Structures are given as C-alpha cells and as structure tokens.
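The primary structure of each chain is shown beneath.
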Amino acid sequence: MTTAEFLTHLRKLDIKVWVEGERLKFNAPAEAVTDDLKNELASRKDDLLDFLKKQDLRVSVSVKPVERVSRDKNLPASFGQRPLWFLEQLEPANVSNYIPCGMHLSGPVDKDVLEKCINEIIRRHEVLRTNFTVADDQPVQVVNPHHEFVVEWLDLQDVSVADHTGMLQRLTTEEIRRPFDLSEDLLLRVKLFRLAKDEHILLLTVHHLVFDGASFGVFFQELSILYQAYIGGGDSPLNDLPYQYVDYSAWQGESMQDEVIAQQLGYWHKQLGGRLPVLELPTDRPRPSIQSYNGARQPLRIGSDTHQRLKSFGQQEGCTLFMSMVSVLQALLYRYTGQDDIILGSPISNRTLPDSEKLIGMFLNMLVLRTNLEGNPSFRELLKRVRDVTLDACSNQDVPFDQIVRSLQVDRDPSRNPVFQVLLQLSPAEGYVLDLP
C-alpha cells in the first residue's frame, strides 16, 4: 500500500492526520486505532511526514484553519443546532432535548469552590453563555458577557433517609422538566442536593443546543482540575482554548460549500433512496399511533471474556469494536424480524478538527448504517459488509442528518422515527469521571 493509499485508508476510518512543526499528529474516534494500525503508523511515520510536507496536505474536512470571527455581527447557528432550534419552535414545551446528568458525591463538598469552578468553565466556554434569536428567519447565536453564576443549593438533611429517594426523584424530575427560554436563559443549570454532611447529589441540566455527550467529558475533566487547584488556594492551570464554538460554526458554514454537500448527499441518496424499510419487531401490543418520549431502561451485562473475544475477532478481520457490535446487533434484529434490509442509526462525535475535542458544544451528527443481509451471510461476511458500509458512511459524515432526511423527502409517520427505528451508541466504559479531593 502506497503512502497516498494508506492516507486514504485512514480517512475512511475517520482518522485525520496532519503535521504540526516536525511532529505527526492524528485524531481518531474511539476503537479506530488498533494495535496493528498503531504499529503501522509508527513504521510509516517518516514517509507520512515527508509526504504531507511535500503535498502541503492535511487530511481533514478542510485545510482552512478555524479563525476567530467578530462577535459584533450575526453568528449563524451551526448545522447541528439548527434542527434542534426549529424543533423547539414547533414544540416549546418538549423537554426531550434537555440533557440531565446526576453525580452522587461522597465526601465533603465546598459549595463556594464548586461555584467558582463552574463560573470559570462558563467564562472559558462562550457556548455556555450563548442565547438564540432570529435574523432573516434563521437562528443566530448571541454570546453574552460573563455574569456570576450561582449554584442552586437545597438542603435535605432534615429529610429522613427513607424519604430521600422519593423526594429526590420528584425534585430532579421537576428540575429536568423546567423549561429553558432560549433567548434569555443560561442554557445550563446546576443544582446541589445536600443529603448529609458528606453526601451530595450534583445535578446538571443542559440544553442540547449547547452540549453533547462528549461535552460532559470536557466539563467534568475541567471541573476536576479546577476544583483540585482552587481547593488548595491556587489559580486555574487550564490553558486558553484555541477557538470557541461560534468560531467553529462560522468555519463550518464557510468550509461546507455547496459542492461538498452535493457530493456527500449523492452518496446518501444512493444509499437511502427509494422506499425505506421499516423495522417490524415482534411486540406484545399494538404500536401507539403517536410516538411518545416515555421509555425505560433494561440492563444486560456482557462478560469481559465475550467482549475481548469479539474485539479480537474484529481486529483479525480489520474491524473496530464498533463495527463488530453493529454486526452483532444487526444479526440479532435479522433473527427477530426475518428482514434482510436493516437500517441502524448511530451518533458520531463529528469532532474531526484538531482541538475540537477540547470544546463544549453541539458537534454531534447522526450516521445511518444500512446493511444488506440477503442470502443469510456468515458472520464473517456480515462483518465485511458492515465494515464497508461504516467506512463509506464515515467518509460522508459531514452532511447534517436533518438535511439528509429533508432531501430524501421521507414520509413522516407520527408513530416512528424517520429513516431508522433502532440506534446503537458505543460509549466509553468509564462514563463521565468526576474526581474531586
């Protein structure tokens, strides 16, 4: 495989490679870089550096770097924010785009230090003090000056331990359902419930317009670092951010020109054109005519031995753990439904730019993975089909999902989500870590 072919292969794996000074750098999604690929990257390092320097090439969505834009003009909403904003106009009472996250803290908590930390995070990340208004019938972002943020505090020490669970359930539900005013409110709320001297619940409620799953990792990492520094009387050790979310939004609008969108939409029209299959899972009751947002959680533990065997088998076939999990799930759905044309959705972080992983914001996009299981393939053959579908989808990930849906003119059924009805999300096993002294 030539160096140019290897770089093309990396791009299909959603791995971005570029040169900074004399160093080769890369950005990759979780599980994309196998041990074999790490070894090959190391062995090809000098060739890659030489090739990239000579070609003046950076393998990313665009060679144009993100630059700071003036805050004195209209700042258009990003591609990911626009559909969420329009949904909010249609259903202002719908809280499905509010993201709650609760942390159980064991040990003493200094509320003043916690408040100072969150204020610093809000100061650092403009998106957390951004509101939305309308200009020319389109949503625009308005970055506000930093005002002192106050953590809401509720002391439940006088409530009996037996009543804690019920009261917390009621209070957190009320908090999560409390509406945001997109044009006025800070789109982040923090509440601290004190259950005992050394026991607290920290509840964050944020709007999806300014936050995604990866943002929680950024938020809690910075909170841990700042709390450690401030509790000891020190200053913030965090470096300044390379750019802000509104700068990314402006870069996205300039970089994703019509020809790029048209090229990638061509792939999605080919992949999803015509009448889309509806997944007909066997159920014990009729499907409601109107979809609700009510749901439940059913845990299932897969042993570490099974996990490791699946991961190893995938690597032998040149596949990531994600591709293996997609294959397993599609095989299961095939067995349940007997359908051989199965579509899954999967969220993708879409943080393809260098340094974007340091930002809080709404970067998320949705990938559509449509696999043909015709002929009852072996699992190895299915894995190969899923690998090809996944690589092609990742290579065309820049088009916002809502734009794909609109361009396909998908018939809307109020009882189901359009395009796909089952979604797979592979998240880090450790979840969100908050490490306070």
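First things first, this report covers the structure right here in the doc. Note that this is a predicted model, so its numbers are computed, not measured.

## Observations regarding the overall build of the chain
Secondary structure assignment for the chain yields 13 helices and 11 strands. By principal-axis analysis of the C-alpha atoms, the chain measures approximately 65 × 60 × 55 Å. Out of the 437 residues in the chain, the part that is buried amounts to 46%. For the chain, the share of sequence-separated contacts (at least 6 apart) that also reach a separation of at least 24 residues comes to 75%. When the accessible surface of the chain is summed, it comes to about 23600 Å², and 49% of that surface belongs to carbon and sulfur atoms. Looking at the chain, you have 47 positive and 61 negative side-chain charges, and the mean spots of the two groups are 3 Å apart.

## Some thoughts on the sheet that holds strand S5 (residues 130–135)
With antiparallel pairing, three strands are arranged side by side in an open sheet as S3-S6-S5. Only two strands of the sheet have a single neighbouring strand rather than two, namely strand S3 (75–76) and S5. Both S5 and strand S6 (residues 138–143) contribute to a ladder of six bridges, which runs antiparallel. Bridge pairing in S6 places Val 134 opposite Pro 139. Where helix H8 (residues 245–255) meets the sheet, its contacts fall on S3 and S6, and the angle it forms with S6 comes to roughly 145 degrees.

## Brief notes about the pattern of salt bridges
Any two side chains of opposite charge can pair, so long as their charged atoms come close to each other. Here the structure, examined in full by the defined rule, presents 24 salt bridges. Arg 170 is the partner of Glu 174 in a salt bridge, and the nearest nitrogen-oxygen pair spans 3.3 Å. Separated by four residues within a single helix, Glu 174 and Arg 170 lie in helix H6 (residues 161–177), roughly one turn from each other. Assessed through its relative accessible area of 46%, Glu 174 is described here as partly exposed. Since its relative accessible area comes to 42%, Arg 170 is described here as partly exposed. In this structure, the salt-bridge partner of Arg 416 is Glu 280, at a minimum N-O distance of 3.4 Å. With a gap of 136 residues between them, Arg 416 in the segment after helix H13 (401–408) and Glu 280 in the loop between helix H9 (258–272) and helix H10 (304–316) connect regions that are remote in the sequence.

## Concerning the sheet that holds strand S9 (residues 199–207)
A sheet is described by the order of its strands in space; here four strands give the open sequence S4-S9-S8-S7, paired in mixed fashion. Of all strands in the sheet, those bounded by a partner on one side alone are strand S4 (98–106) and strand S7 (152–155). Between one strand and the next, the sheet's axes are offset by a mean angle of 15 degrees, whatever the strand orientation. Bridging between S4 and S9 involves nine bridges; their strand directions are antiparallel. Within S9, the position partnered with Gly 102 by the bridge is Leu 203. The strands touched by helix H7 (residues 213–231) within the sheet are S4, strand S8 (188–196) and S9, with S9 carrying the most contacts at an inclination of about 140 degrees.

## Digging into the side chain of Ser 324
Among the secondary structure elements, Ser 324 is positioned in helix H11 (residues 321–337). Beyond its immediate stretch of four places on either side in the chain, Ser 324 contacts Leu 310, Gly 314, Phe 379 and Leu 383.

## A closer look at H10
Taking 1.5 Å per residue, 13 residues should reach 18 Å; H10 reaches 18 Å between its end C-alpha atoms and fits that length. Looking one or two places after H10, you find Gly 318, whose phi comes out positive at around 75 degrees.

## Quick notes on the packing of H11 against helix H12 (residues 379–395)
Here H11 crosses H12 at 120 degrees, and the two axes come no closer than 9 Å. Put simply, H11 runs oblique to H12. For the element pair H11 and H12, the recorded crossing hand is right-handed. For the pair H11 and H12, contact is made by Phe 322, Met 323, Ser 324, Val 326, Ser 327, Val 328, Gln 330 and Ala 331 and by Phe 379, Leu 382, Leu 383, Val 386, Arg 387, Thr 390 and Leu 391, respectively. Its residues assigned to classes, the contact of H11 with H12 shows 10 nonpolar, four polar and one charged.

## Overview of a nonpolar patch on the surface
Nonpolar side chains collect at one region of the surface, where Leu 281, Leu 332 and Tyr 336 lie side by side and expose about 290 Å² of accessible area between them. We classify Leu 332 as partly exposed; its relative accessible area is 42%.

## A few points about the pairing of strand S11 (residues 365–372)
By the criterion of burial, S11 is predominantly enclosed, with seven of the eight residues buried. Pairing between strand S10 (residues 341–348) and S11: eight bridges, direction antiparallel. Bridge assignment links Pro 347 to a residue of S11, and that residue is Met 366.

About the cut-offs
- Residues numbered from 1 in each chain as written.
- Predicted model: local features only at pLDDT ≥ 70, side-chain atom pairs only at ≥ 80, totals over all residues.
- Heavy atoms only, no water.
- Helix = DSSP H or I, 4+ residues; strand = E, 2+ residues; numbered from the N terminus.
- Buried < 20%, exposed > 50% of the residue type's maximum accessible area, 1.4 Å probe, protein only.
- Contact = heavy atoms within 4.5 Å.
- Areas by Shrake-Rupley, 256 points an atom, 1.4 Å probe, with all protein chains shown as cover.
- Lys, Arg positive; Asp, Glu negative; His and termini not counted.
- Charge placed at Lys NZ, Arg CZ, Asp CG, Glu CD.
- Pairing = 2+ DSSP bridges.
- Axes fitted to C-alpha atoms, helices over the stretch in contact; angles between N-to-C directions.
- Salt bridge = Lys/Arg side-chain N within 4 Å of Asp/Glu carboxyl O.
- Expected span 1.5 Å × (residues − 1).
- Parallel < 35°, antiparallel > 145°, perpendicular 65-115°, else oblique.
- Left-handed = near helix turned anticlockwise from the far one by under 90°.
- Nonpolar A, V, L, I, M, F, W, Y, C, P; charged D, E, K, R; others polar.
- Patch = residues over 30% accessible without salt bridge, like charges linked within 9 Å, V, L, I, M, F, W, Y side chains within 5 Å.

Worth remembering: the numbers are spatial, not functional.
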